[in-house]
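A closer look at the structure
Listed below, chain by chain, are the residues.
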Amino acid sequence: MTRAAVGHADPAHLPVVVVGGGWAGLASAIELVSAGVTVQLHEMAPQLGGRARGIQLQACDRPVHLDNGQHLLVGAYHETLRLVTRVTGDPWRVLSARPLRLESTDGLRLRSAPLPSPLHWSLALLDARGMSLADRGALVRLMSVLARDRWRVDPGSTVGQLLARLKQTASLNRRLWEPLCVAALNTTAEAACAQTFANVLRDTLGSDRAASRFLLPRGTLSEVLPEPAAAWLTGRGAGIHLRSRVLRIERHRGHWRVTTASDTFDAAQVVLAVPPHSIAGLLGEANAAAIAPLAALHYDAIATVYLGWRTHRHPSAPPLPPALMLVESARRHQYGQWLFDRGRQQDLQLAAVVISAAGRVGELDARMLADGVADQVVDQCGGLRADWAQTVREKRATFRCLPDRPRIESDHLHREGLEHLWLAGDYAWPDYPATIEAAVRSGVHAAALVLASAAHQPAVAGAAGRGRSANPAAKPTSATRPRGPGRSAPDR
Ligand SMILES: Cc1cc2nc3c(=O)[nH]c(=O)nc-3n(C[C@H](O)[C@H](O)[C@H](O)COP(=O)(O)OP(=O)(O)OC[C@H]3O[C@@H](n4cnc5c(N)ncnc54)[C@H](O)[C@@H]3O)c2cc1C
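**Some remarks on the overall build of the chain**
Helix and strand counts for the chain stand at 15 helices and 20 strands. Within the chain, the proportion of its 492 residues that are buried is 50%. Considering only intrachain contacts with a sequence separation of at least 6, the fraction spanning at least 24 residues in the chain is 70%.

**Let's talk about helix H13 (residues 366–381)**
Taking 1.5 Å as the rise per residue, H13 with 16 residues should run 22 Å; its terminal C-alpha atoms sit 22 Å apart, in good agreement. Those residues of H13 that fall on the buried side of the exposure criterion are Leu369, Ala370, Gly372, Val373, Ala374, Gln376 and Val377. Taken together, the buried residues of H13 touch strand E15 (299–310), strand E17 (338–345), strand E18 (348–355) and strand E19 (388–399). Phi turns positive, to about 80°, at Gly382, one or two residues after H13.

**Observations concerning the nonpolar core**
Soluble globular proteins: nonpolar side chains tend toward being buried together. One finds Val16, Leu272 and Leu307 to be the most contacted residues of the largest nonpolar core, which totals 150 residues. Looking at this core element by element, the count peaks at 12 residues for helix H15 (residues 436–454).

**Examining the sheet that holds E18**
Here 5 strands make up an open sheet; going across it, the order is E16-E17-E18-E15-E19 and the pairing antiparallel. At either end of the open sheet lies a strand with only one pairing partner, and these are strand E16 (323–325) and E19. Strand-to-strand twist in this sheet, taken as the mean axis angle between neighbours without regard to direction, amounts to 25°. Sitting on the sheet, H13 is in contact with E15, E17, E18 and E19, with an inclination near 115° to E19.

**Digging into helix H3 (residues 78–88)**
Three or more residues of H3 are buried, namely Glu79, Thr80, Leu83, Val84, Val87 and Thr88. Relative to the axis of H3, the buried residues are bounded by an arc of 145° and lie together on one face. Where H3 is buried, its residues touch helix H2 (23–34), strand E5 (73–74), helix H9 (221–224), helix H10 (226–235) and H15. One or two steps after H3, the chain reaches Gly89, where phi turns positive at roughly 85°.

**Overview of the site of the ligand**
Residues in contact with the ligand amount to 37 residues; listed here are only the nearest, Gly20, Gly22, Gly50, Gly69 and Thr435. When residues of the shell around the ligand are traced back to their parent elements, those giving at least two are H2, E15, E19 and H15. Two domains each put at least three residues into the shell around the ligand: domain 1 (3–49 + 225–297 + 404–470) and domain 3 (301–399).

**Examining the sheet that holds strand E10 (residues 239–241)**
Read across the open sheet, the 5 strands follow the order E10-E2-E1-E14-E20; overall the sheet is parallel. The open sheet has two edge strands with one neighbour each: E10 and strand E20 (421–423). Neighbour-to-neighbour, the strand axes of the sheet open up by a mean angle of 15°, direction not taken into account. Bridge count between strand E1 (residues 16–19) and strand E2 (residues 39–42): 4 bridges; the pairing is parallel. Across the sheet, residue Val18 finds its bridge partner in E2, namely Leu41.

**As for unusual backbone geometry**
The phi dihedral of Trp151 falls on the positive side, at around 65°, and the residue is not glycine. Examined against the element boundaries, Trp151 turns out to sit in the loop between helix H5 (133–148) and helix H6 (159–165). What makes Trp151 partly exposed here is the crowd of 17 C-beta atoms within 10 Å.

**A few points about the environment of Pro293**
The topology assignment puts Pro293 in the loop between helix H12 (288–291) and E15. For Pro293, a count of 15 C-beta atoms within 10 Å puts it in the partly exposed group. Through-space distance from the C-alpha of Pro293 to that of Pro406 is 6.4 Å; in sequence the pair is 113 residues apart. Apart from residues no more than four positions distant in its own chain, Pro293 is found in contact with Pro406 and Ile408.

**Some thoughts on the environment of Cys381**
Relative to the elements of secondary structure, Cys381 occurs in helix H13. Cys381 sits in the partly exposed class, given 17 other C-beta atoms within 10 Å. Separated by 55 residues in the primary sequence, Cys381 and Leu326 place their C-alpha atoms 8.9 Å from one another.

**Considering the packing of H2 against H15**
Direction vectors running N to C along H2 and H15 enclose 40°, while the axes themselves pass 7 Å from each other. Every pair of crossing elements has a handedness; the one defined by H2 and H15 is right-handed. Residues Trp23, Ala24, Gly25, Leu26, Ala27, Ser28, Glu31 and Leu32 of H2 pack against Ile436, Ala439, Val440, Ser442, Gly443, Val444, Ala446, Ala447 and Val450 of H15. A per-class count over the contact of H2 with H15 returns 12 nonpolar, 4 polar and 1 charged.

**Some thoughts on the pairing of strand E11 (residues 246–252)**
Relative to strand E12 (residues 255–260), E11 runs antiparallel, the two being bridged by 6 bridges. Residue pairing across strands places Arg248 opposite Thr259, the latter belonging to E12. Hairpin connection from E11 to E12: 2 residues lie between these consecutive antiparallel strands, with Arg253 at a positive phi of about 50°.

**Observations regarding the environment of Leu225**
Among the structural elements, Leu225 can be located in the loop between H9 and H10. When residues no more than four places from it in sequence are discounted, the contact partners of Leu225 are Trp23, Leu26, Leu83, Val84 and Val87.

**Let's talk about the packing of H3 against H15**
Here H3 crosses H15 at 70°, and the two axes come no closer than 8 Å. Taken together, H3 and H15 sit at an angle that is classed as roughly perpendicular. Where H3 abuts H15, its residues Glu79, Thr80 and Leu83 lie against Ile436, Glu437, Val440, Arg441 and Val444. Classifying every residue of the contact of H3 with H15 by side-chain character gives 4 nonpolar, 1 polar and 3 charged.

**Some remarks on the confidence of the model for the chain**
Averaged over the chain, the pLDDT score is 89; the fraction of residues at 70 or greater is 90%. Contacts of residues 484–492 to residues separated by more than four positions or lying in other chains number 23 contacts, the stretch itself having pLDDT below 50.

What counts, and where the lines are drawn
Residues numbered from 1 in each chain as written. Predicted model: local features only at pLDDT ≥ 70, side-chain atom pairs only at ≥ 80, totals over all residues. Helix = DSSP H or I, 4+ residues; strand = E, 2+ residues; numbered from the N terminus. Buried ≥ 20, exposed ≤ 12 C-beta atoms within 10 Å, placed from the backbone. Contact = placed C-beta atoms within 7 Å. Expected span 1.5 Å × (residues − 1). Core = buried A, V, L, I, M, F, W, Y, C linked by C-beta atoms within 7 Å. Pairing = 2+ DSSP bridges. Axes fitted to C-alpha atoms, helices over the stretch in contact; angles between N-to-C directions. Arc of directions from axis to C-beta. Near = placed C-beta within 6 Å. Domains from an automatic or database assignment. Left-handed = near helix turned anticlockwise from the far one by under 90°. Nonpolar A, V, L, I, M, F, W, Y, C, P; charged D, E, K, R; others polar. Parallel < 35°, antiparallel > 145°, perpendicular 65-115°, else oblique. pLDDT = per-residue confidence, 0-100.

Structure representation (C-alpha cells):
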C-alpha cells in the first residue's frame, strides 16, 4: 500500500517520520509532539528502547525481568531526566538516586559529602579510605588542573597520556581512573579520548553533588522511558509502528519517500535515529560520500553477567551494595568491573556484573565469562557462589571513544545537501561518549532542527503556519546544541 497515495496525498499535511525507537528517536518524537507536530515513528524491533531496554531471561526456571545490559545513569543526565519527568510525571517512581559512592573490593572508598561544590570533594578526600597521601594529592592535582584549564586538554591526546602528564599514581590509575574511564567511555584508558573523559569529569565530579549521583532504574530500563514514552506519544496522536523496518529513504518531489516492508509513504522531514552502520543501506550508493564519515566509527562490546542466588537456600546471602567496583584478573578469567544489586524477584536475589570494552575478551565464550565472574564475586565479596549465572553480550554496544573519531552532528546530512534529513543517536553528540544522555540530547537537538526548518516549510503536519517564535523548541538553544567542532567548546 502506498500511504502517500491515500492518506497523505496533500503535501500540506505530511508527517515528520522518526526512524528508530531507541532513546534518541523517542527523545525526538517527544519534543516534536510537544510542539504540535504529527509524528510517525518506525522501529524494526518488536519493542522500543534499542540498546537500552528490558529483556526477560530464565533464571533457575523462573522468568526474570532484567535489561539487555546493566546501565548506570547519573545526575548530570539533565535532558534525560527532563524527558523522563515529562512522560512519567515523577522520575523518582522509575529511578532511584544515591549519592556518589566509589567503593572497590580492594579497599578503596570515596564518597561525596553533603556540602556545596567544591567543598564536597575536600570533605570526601578527608573521609576517603584506601588512598595514600600521594593518591589524594594526585587526585586533587588532576581535578584542579582540569578545572583551571576549563576542562580543555591537549588535542588528540588519550586518557593514558593525560594521567601521565598530571602525574597520577599507579595505584590511583589502576583503582580509580582506569575503571572510571572504561565504564564511562567503553574504551580502555590507553586508547580513550582525553577530551571526552575531561567532559565527563566536568559534568559529574567537577560539578555539584547532585550531578554525580548514581541513578538506577527501579525496574527495567523499558519502564524508565520507552514504555511511558510510548503511552505518552500514542495518547497525543503519534503513530508508533513496531516491527516496521525502514528499507529505503529517497528524495521525491521536494519531500522524502519512505519505504518499509509493507508500506510506502511520504514525509516532510525525517529524523534518522538508527545506528550509523544502518544508514548506508537506507540511503543507497548515490549518497555514499555524505555517509562516508559515519563508517569511521568503530564499535566495541559490553557484556553483562547476571547472577542469581536462591534466597530460600541461602537466606542471608549475599548482602550486596548498590554498586561496587571489582578487581579484574585476566589470568583467572575474572573480567567483572562493576557489580550492581538488582534486588529480588520471586525467591531470587539478583546482581549484574558489567564487563566493558568486552572486545578484549572476545575469545571467551559466554559460559566461561559467566563462570569466571561467579567465581570472582565469591573471591572478592565472600558469600556463596551464585546458583545461576548468564552472560548477555551486546557486540555493538557503543562506538570506541577514540581521540580521532569523527565528530558528527545532527545536521550533517542536511549540510551535505540531503535537506530535512536529520541525524539522532548517541554518536551525534560530539561532546559525550556513547551514552543515554548523548542519545537523548542529540534527539532533542534533531527535533529543534526540524522545528526551525519547519518554520520555512509549511508542509509539516501540525506545524504548518507556525513560525519559529511560536515554537519554544523550534530554535536550537545552547542547551540543545552540541558542543562539537566549530562550536563554542570544541571536543578535540
Ligand atoms: C550493554 C550496554 C551497556 C550500556 N551502559 C550504559 C550506561 O551504563 N550508561 C549510559 O548512559 N549508556 C550506556 N550504554 C549506551 C546506551 O545504551 C546507548 O548510548 C543508547 O541506548 C543509544 O541510543 P540510540 O537511540 O542512539 O541508539 P539505539 O538504541 O541503537 O536505537 C536505534 C534504534 O533504531 C532501530 N533501527 C535500526 N535500523 C532500523 C531501520 N532500518 N528501521 C527501523 N528501525 C531501525 C534499532 O532497532 C534501534 O531500536 C550501554 C549500551 C549497552 C549496549
